[in-house]
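Summary of the model geometry
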Amino acid sequence: MANMDGQQLFPRKVVVMMDPFSGRTIDPRRARFQYSAAFKAFIKNKGRLRSFVAAAGTGHRSFKVYEITRFFISRSIDGDGAILDIGCANGFLLRCLQEWSGRSLVPYGVDKDASLVRKAKLLFPRHAANFVAADLSIEPDLARIWPQTRFDYIYWNVWDNYSFETQKETELLEACLRRLKAGGRLILGFYESDTNKSAKVRYLLGHGFRQSLRNSCHRRQGEVIVWKDVK
Ligand SMILES: C[S@@+](CC[C@H](N)C(=O)[O-])C[C@H]1O[C@@H](n2cnc3c(N)ncnc32)[C@H](O)[C@@H]1O
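Everything quoted here is computed from the prediction, not taken from an experiment.

Across its full length, the chain holds 8 helices and 9 strands. Buried residues in the chain amount to 41% of all 231 residues.

So, in C-alpha cells, the structure goes:
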C-alpha cells in the first residue's frame, strides 16, 4: 500500500463523521483518546511504536496519523466479544480497536505472513494461541482453523486484488459470514489505495451490507468500511 503520511495527506481533510450508534458528530482530529495505562506504556516507547506502526501494513509511519485516519473503524464496534482480523499483520489494528472502541474485545487473527503472526502473538501474549499463519486465498476455510470458535466481529480489510468476481473471492466472504455468532457483524474495509472500491462497495450493498463510514483524506479517496449483521 502506498505511504499515506506525505505532507499533502496530513489529515486536515479527515471527514467529520456521524457516530452511527450515538448519532453524535465526531472529529477524530479533536478526539481526546482515552488510553488504558497498559496502552499508554506501550506507546511511550517511541522506537517500538514506530516499528509496530510501520509493520502494521497500511503504509503509515506516524502513530498520530494512523490514529486519526483509522479511528473511524472502531465506530462499527458497539459491543464486547471475540473479534477476528482477516489479514491481521502484526495485530496492531486489533490492539488499537480494543482501545478506540472502549469494548472488551478478545483478539483473533490470521495472516499469510508467519513473521507478522509471530509479532501479533508477542503483542497479545495471553491470546497468542488465537493467532494463526494461513493463506486464505489458497484455502478460505475458517472452520478448519477455528472449528470451535464463532466470532462476534470479523474485520477484513479486503485485499486490493479481491474483487468478488471469482468463486474463490466470494468463498472467503461466505466463510466469514458462517463463522459469526447469531447477531455477529462482518465489517469489510477497503484501503485508501484500492481504486476499484466503489464497484466493490456497490456489489456489497446489493448483498445486504449497508454503507457505513468513510474516512477521506486530501487528494485521495479515503478508506471505507461497510458492514452486515447476521441473524
Ligand atoms: C495492510 S495489512 C492489514 C492489517 C490490518 N488488518 C489492518 O487493516 O490494519 C494486510 C495483511 O493481509 C495479509 N494478507 C494478504 N493476503 C492474504 C491472504 N491471502 N491470506 C492471509 N493473509 C493475507 C498480508 O500479509 C498483510 O499482513
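All right, on to the confidence of the model for the chain then. Should the pLDDT be low somewhere, the predicted coordinates at that spot are not to be read in detail. Mean pLDDT for the chain: 85, with 83% of residues reaching 70 or above. Under a pLDDT of 50 for its full length, residues 1-14 has, in the predicted model, 38 contacts with residues more than four places off or in other chains.

Another point: the pairing of strand β3 (residues 81-86). Counted residue by residue, β3 has 5 buried out of 6 residues, so it is predominantly covered. Where β3 meets strand β4 (residues 105-111), 6 bridges bridge the pair, whose relative direction is parallel. From the neighbouring strand, Leu-84 faces β4, where its bridge partner is Tyr-108. One crossover worth recording links β3 to the parallel β4 by way of helix α4 (residues 92-101), and it is right-handed.

This part takes up unusual backbone geometry. The backbone phi angle of Ala-89 is positive, close to 50°, even though this residue is not glycine. Within the secondary structure, Ala-89 sits in the loop between β3 and α4. Even without glycine at this site, Phe-164 takes up a positive phi of about 60°. Its place among the elements puts Phe-164 in the loop between β6 (151-158) and α7 (167-178).

Around the ligand there are 19 residues in total, and Gly-57, Gly-87, Ala-89, Leu-93 and Asn-157 lie nearest to it. Considered class by class, the residues forming the shell around the ligand number 9 nonpolar, 5 polar and 5 charged.

A few words now on the pairing of β4. Here β4 lies mainly inside the structure; 6 of its 7 residues are buried. As judged from the 3 bridges shared by β4 and strand β5 (residues 131-133), these two strands associate in the parallel manner. When the bridges of β5 are listed, Gly-109 appears paired with Phe-131. In this region the chain leaves β4, passes through helix α5 (residues 114-123) and returns to the parallel neighbour β5; the handedness of that crossover is right-handed.

So, on to helix α3 (residues 63-70). By the criterion of burial, α3 is predominantly enclosed, with 6 of the 8 residues buried. Of the positions making up α3, those classed as buried are Val-65, Tyr-66, Glu-67, Ile-68, Thr-69 and Arg-70.

Here Asn-90 is to be found in the loop between β3 and α4. For Asn-90, a count of 27 C-beta atoms within 10 Å gives the class buried. Separated by 36 residues in sequence, Asn-90 and Ala-54 have C-alpha atoms that sit 9.9 Å apart. In contact with Asn-90, other than residues within four places in its own chain, are Phe-52, Ala-55, Ala-56, Leu-116, Lys-119, Ala-120 and Leu-123.

Turning our eyes to something else, we now look at the environment of His-127. Along the polypeptide, His-127 turns up in the loop between α5 and β5. Residues His-127 and Gly-109, spaced 18 residues apart in sequence, show a C-alpha to C-alpha distance of 10.0 Å.

Basis of the calculations
Residue numbers run consecutively from 1 along every chain, following the written order of its sequence. Thresholds applied to this predicted model are a pLDDT of at least 70 for local features of residues and 80 or more for the giving and counting of side-chain atom pairs; totals over whole chains, interfaces and linings are not thresholded and use all residues. Every helix listed is a DSSP run of H or I at least four residues long, and every strand listed is a run of E at least two residues long, numbered separately from the N terminus. Field definition: a residue is buried when 20 or more other C-beta atoms are found within 10 Å of its C-beta, exposed when 12 or fewer are, and partly exposed for counts in between, with C-beta atoms placed from the backbone. Every residue is assigned a pLDDT by the predictor, reflecting its confidence on a scale from 0 to 100. Remark: residues whose backbone-derived C-beta atoms lie within 7 Å of one another are considered to be in contact. Following DSSP output, two strands are said to pair if at least two bridges run between them. For crossovers, right-handed means that the path from the first strand over the helix to the second runs clockwise, given strands pointing away from the viewer. As used in this record, a residue near a molecule or strand is one whose C-beta atom, placed from the backbone, is within 6 Å of it. Each residue gets one of three labels, nonpolar for Ala, Val, Leu, Ile, Met, Phe, Trp, Tyr, Cys and Pro, charged for Asp, Glu, Lys and Arg, and polar for the others, Gly among them.

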